[in-house]
Amino acid sequence: MQELNGLNDNIAVLKQEILDGAEKLGSSKELYEFKKTYVDGKNGKVNQLMKEMRNIPADQKAAYGKSVNELKSWAQEFLGGLDEKMKKMELEKRYEAEQVDISMPAVKKIPGNLHPITQMRNQLIDVFAGMGFEIYEGSEVETDYYNFTALNTPQDHPARDMQDTFYLSPEFLLRTQTSAGQIHVMENRKPPIKILSPGKVFRSDDDATHSPMFSQMEGLVVDKGITLCDLQGMLDEFVKKIYGEGTRTRLRPSYFPFTEPSVEVDCSCFECGGKGCKLCKGTGWIEVLGAGVVNKKVLENCGIDSDVYSGFAFGIGIERTAMLKYGINNIKMLFESDLRVLKQLND
């Protein structure tokens, strides 16, 4: 049996230990851990004192229990008050650190804007959507059939070469043109068809005006009685909306496997009005896209009667259109995310 006086001495020692330990605490977080050690939970040092109850005479249990409970109540009240003081002090320090000097000038916030490629893509979609075009976005991974064969590209055509195309396997490749999308549409939809297919395309090409990855927008119209005149009328409207009123187009003979006849489309120089300048290299004209009447073989490959229906297709390079409109002479400036460049390009 332990003497009550000895146990009371233990209570006094523990009380002093709490007082001494509290002086070393520097934050409410440290106090939280300190309270768990002494007061909170069954394993707290104060609660451990109650286990000594079994070692003292029965006539002294009540007095001992009272002393332990008084210590516990005191510790909870003492540490609780200390917790309030610490939290108040921490809050004051936080307010002091976060205070704002209202006499200081406000921080200037520069508004953001869409990337010029996104801006140009949106402008093009708005122009052609106003003419009744629907949007179709195909897959960036295509088969050789949809990217080349169905578009009447000969097996020995240079575009099929490894140095021009990123092949994933003998059958699959990264699409080199969004024209592949028109095949998917014509296979699954009957004319009339009027679609616009924007997206990323990939070619093994890299210089100041070309990138291995760039954005293209393919347009396709298939219906009865479609001619090259319909194509030029639509393109005249397109260049006016993008490059300004007074801009006009001209068509030059060209060759694409999937169109016949094929044309290169120029627009009158919007910088000099066709008089001749550095932008148009003194010619008064700027090449903007390729187009043509859909080749009958392409229509027939998709199960469309070429004796009843005809159509036209065109392909616009979105980066090229943006470079011309914004006066950018190196395509890499569009991919480097230099804010000094990008913040100047906002319509």
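Going by the structure above, here's the rest.
The text that follows walks through the structure, step by step, so that each part is easy to find. If you're wondering where the values come from, they're calculated on a predicted model, not measured in any experiment.

1. Notes on the nonpolar core
Membership of the largest hydrophobic core comes to 40 residues, with the highest contact counts inside it found for Phe-128, Met-234, Phe-238, Leu-289 and Phe-314. Considering each element in turn, this core owes the most residues, seven residues, to helix 8 (residues 228-243). Sequence-distant contacts of Phe-314, that is, excluding residues within four places in its chain, are made with Phe-128, Phe-133, Leu-196, Met-217, Glu-218, Gly-219, Leu-231, Met-234, Leu-289, Gly-290 and Ala-291. Core analysis: the second largest hydrophobic core is formed by 20 residues, Leu-25, Leu-31, Val-39 and Met-86 among them.

2. Examining the side chain of Asn-295
You can see Asn-295 is positioned in the loop between strand 8 (285-294) and helix 9 (296-301). A polar contact is formed between the side chain of Asn-295 and the backbone nitrogen of Lys-297, at a distance of 2.9 Å. With sequence-adjacent residues up to four places away left out, Asn-295 is seen in contact with Asn-152, Pro-257, Phe-258, Thr-259 and Glu-260.

3. Describing the environment of Phe-202
Topologically, Phe-202 is positioned in strand 4 (residues 193-202). Since its relative accessible area comes to 11%, Phe-202 is described here as buried. C-alpha of Phe-202 to C-alpha of Ala-22: the two residues are 180 residues apart in sequence and 69 Å apart in space. Residues within four places of Phe-202 in sequence aside, it is in contact with Glu-140, Phe-166, Leu-174, Arg-175, Thr-176, Pro-212 and Met-213.

Cut-offs applied
- Residues numbered from 1 in each chain as written.
- Predicted model: local features only at pLDDT ≥ 70, side-chain atom pairs only at ≥ 80, totals over all residues.
- Heavy atoms only, no water.
- Core = buried A, V, L, I, M, F, W, Y, C linked by side-chain atoms within 4.5 Å.
- Buried < 20%, exposed > 50% of the residue type's maximum accessible area, 1.4 Å probe, protein only.
- Helix = DSSP H or I, 4+ residues; strand = E, 2+ residues; numbered from the N terminus.
- Contact = heavy atoms within 4.5 Å.
- Polar contact = N/O pair within 3.5 Å; in protein donor to acceptor, adjacent residues only side chain to side chain.

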